[in-house]
Amino acid sequence: MTGADDTRQPAPPLPATTDRLQAVASGLNVPSEVHEKVLEETPVLEIDRFNLWYGTKQALHGISMPIPHNQVTALVGPSGCGKSTLLRSVNRLNDLVQSVQITGDMRLNGDSIYDPRMDVIDLRKRMGMVFQKPNPFPMSIYENVVYSLRIDGERNRGVLDEVCELSLRGAALWDEVKDRLHDSALGLSGGQQQRLCIARAIAAEPEVLLLDEPCSALDPIATGKVEDLIQELRGRYSVLMVTHNMQQASRASDYTAFMYLGRLIEYGPTSDIFTKPMLKETESYVTGRFG
């Protein structure tokens, strides 16, 4: 992986009358439409002219967007548009892919994520990551939740008990599991396991919580409970969420970013993106006319 300045030639500018999505598909340079309201928010994370390649294939093109503090931001777009790649770049999971090259930067509360001096382990401690498929550790419910404290050396039982309860309450799971905290987490239902993973993430008091399609492996009832939980987290945590479900984005997020073929097309308050977007291409996508 490299982070050197990009010396590749920029794509030619976009003619004013061109359909933006066709232009993107043709390799033209398409400016993003970022609503003023987004720029007025205090950012927890700043993505700055970020490009990413897998070998010779460019997956992200010049993404610049602030992620507001203590708000829920949803990334939407067709499959393969770069949503999960962008999310995984925030905690540098893409470092694990040998052929990856990046240019540009991301800053978490002012600290460059891609600074060579950044300790990646410390960086990941500052974030919570929840994947598509629930991945509880093969240990008790209690030990799953307090895991991050244990590895940081916390041994005070009172502290661990308090964090466990607060985190499970925060994940709307406490009443369901309080009498079986020392049972295996693997015995929980899929929806409960996903909420446990969110409890485990928030126990570490992350600066940003990353959710990669957190409901895609769940049934409708479990999905509803996780969506309710995301609603509860609004205003208390900074959440960046990938979803393929337009209804979920409209219900659960404060801001929505529409991506297409590795480019940010439009980004603004969720209510505006779904009811009065700046671009006809965004309207076509969120109303289901394509994608």
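Residues numbered from 1 in each chain as written. Predicted model: local features only at pLDDT ≥ 70, side-chain atom pairs only at ≥ 80, totals over all residues. Heavy atoms only, no water.

Asker: Can you help me understand the packing of aromatic side chains in this one?
Answerer: Aromatic ring pairs: the centre-centre distance and the angle between the two ring planes describe each pair. A full pass over the atoms with the stated rule returns three aromatic pairs. Geometrically, the ring pair formed by F50 and Y114 is tilted, given 5.5 Å between the ring centres and 40 degrees between the ring planes. With F50 in strand 2 (residues 43–54) and Y114 in the loop between strand 6 (111–112) and helix 4 (120–125), this pair connects stretches of sequence that are 64 residues apart. For the ring pair F258 and Y285, a centre distance of 4.9 Å and an interplane angle of 10 degrees mean the geometry is stacked. Placement of F258 in strand 10 (residues 255–260) and of Y285 in helix 13 (residues 280–286) is noted, with a sequence separation of 27 residues between them. For the pair F258 and Y285, one class covers both residues: buried. It is R200 that lies over the ring of F137; its NZ or CZ is 3.9 Å from the centre. (Phe/Tyr/Trp six-rings, centres within 6.5 Å; stacked < 30°, edge-to-face > 60°. Helix = DSSP H or I, 4+ residues; strand = E, 2+ residues; numbered from the N terminus. Buried < 20%, exposed > 50% of the residue type's maximum accessible area, 1.4 Å probe, protein only. Lys NZ or Arg CZ within 6 Å of the ring centre and 35° of its normal.)

Asker: Any chance you could explain helix 7 (residues 157–170) here in plain terms?
Answerer: For an α-helix, 3.6 residues make a turn, and residues three or four places apart therefore share a direction. Between its first and last C-alpha, helix 7 extends 20 Å over 14 residues, near the 20 Å set by a 1.5 Å rise per residue. Among the residues of helix 7, those classed as buried are L160, V163, C164, S167, L168 and G170. The buried residues of helix 7 all sit within an arc of 155 degrees when viewed along its axis, so they share a single face. Those residues of helix 7 that are buried lie in contact with helix 5 (141–145), helix 6 (147–151), helix 8 (174–177), helix 9 (190–203) and helix 10 (220–233). (Expected span 1.5 Å × (residues − 1). Arc of directions from axis to C-beta. Contact = heavy atoms within 4.5 Å.)

Asker: Could you clarify how one ought to interpret the nonpolar core in this entry?
Answerer: In globular proteins that are soluble, nonpolar side chains generally tend to be buried together. Membership of the largest hydrophobic core comes to 54 residues, with the highest contact counts inside it found for I141, L168, L181, L196, I198, L209 and M241. The biggest single contributor to this core is helix 9, with seven residues. One finds V90, I102, M106 and V208 within the second-largest nonpolar core, a separate group that totals 36 residues. (Core = buried A, V, L, I, M, F, W, Y, C linked by side-chain atoms within 4.5 Å.)

Asker: Can you walk me through the sheet that holds strand 2 in this structure?
Answerer: Think of a sheet as strands paired side by side through backbone hydrogen bonds, with each pair either parallel or antiparallel. Reading across the sheet, the four strands line up as 3-2-5-6 and stay open at both edges, with antiparallel pairing between neighbours. Looking along the sheet, the strands with just one partner apiece sit at the ends: strand 3 (57–68) and strand 6. Two strands pair when backbone bridges link them, and strand 2 and strand 5 (residues 100–108) are joined in this way by eight bridges, in the antiparallel orientation. Along strand 5, the bridge assignment pairs N51 with T103. (Pairing = 2+ DSSP bridges.)

Asker: Explain the side chain of T85 here, please?
Answerer: When you line up the elements, T85 lands in helix 3 (residues 83–90). Ignoring anything within four residues of it in the chain, the contact list for T85 reads L52, Y54, A59, L60 and N94.

Asker: Whenever I open this one, the packing of helix 7 against helix 9 confuses me. Can you help?
Answerer: The packing of two helices is summarised by the inter-axis angle and the distance between the axes. In the contact formed by helix 7 and helix 9, the axes pass within 8 Å of each other and the chain directions differ by 125 degrees. Classified by the angle between their axes, helix 7 and helix 9 sit oblique to one another. Between helix 7 and helix 9 the crossing geometry is right-handed. Across from V163, S167, L168 and G170 in helix 7, the residues of helix 9 making contact are L196, A199, I202 and A203. (Axes fitted to C-alpha atoms, helices over the stretch in contact; angles between N-to-C directions. Parallel < 35°, antiparallel > 145°, perpendicular 65-115°, else oblique. Left-handed = near helix turned anticlockwise from the far one by under 90°.)

Asker: Just to check I follow, could you spell out the sheet that holds strand 9 (residues 239–242) for this structure?
Answerer: If you walk across this open sheet you meet the seven strands as 1-11-10-4-9-8-7, and the pairing is mixed. Only two strands of the sheet have a single neighbouring strand rather than two, namely strand 1 (33–34) and strand 7 (127–130). By the bridge criterion, four bridges tie strand 8 (residues 208–212) to strand 9 in an arrangement that is parallel. Paired with L209 across the bridge in strand 9 is V239. Helix-sheet contacts for helix 9 involve strand 7 and strand 8, and the interaxial angle to strand 7 is about 170 degrees.

Asker: It is not clear to me how the pattern of salt bridges should be interpreted in this structure. Could you clarify?
Answerer: Close approach of charged atoms allows side chains of opposite charge to pair. For the coordinates displayed, the defined rule picks out 19 salt bridges. The residue E46 makes a salt bridge to R107 at a minimum N-O spacing of 3.7 Å. Taken as a pair, E46 in strand 2 and R107 in strand 5 lie far apart in primary sequence, 61 residues in all. Judged by its relative accessible area of 29%, E46 falls in the partly exposed class. Linking E281 and K280 is a salt bridge whose minimum nitrogen-to-oxygen distance equals 3.2 Å. By relative accessible area, which is 52% here, K280 ends up exposed. (Salt bridge = Lys/Arg side-chain N within 4 Å of Asp/Glu carboxyl O.)

Asker: For this particular structure, what's the right way to read the packing of helix 9 against helix 10?
Answerer: Where helix 9 meets helix 10, the axes come as close as 9 Å, and the angle between the chain directions of the two elements is 20 degrees. Classified by the angle their axes make, helix 9 and helix 10 are roughly parallel. Between helix 9 and helix 10 lies a crossing whose hand is right-handed. Residues G191, Q194, R195 and I198 of helix 9 lie in contact with helix 10, whose contacting residues are A222, K225, V226, L229 and L233. Classifying every residue of the contact of helix 9 with helix 10 by side-chain character gives five nonpolar, two polar and two charged. (Nonpolar A, V, L, I, M, F, W, Y, C, P; charged D, E, K, R; others polar.)

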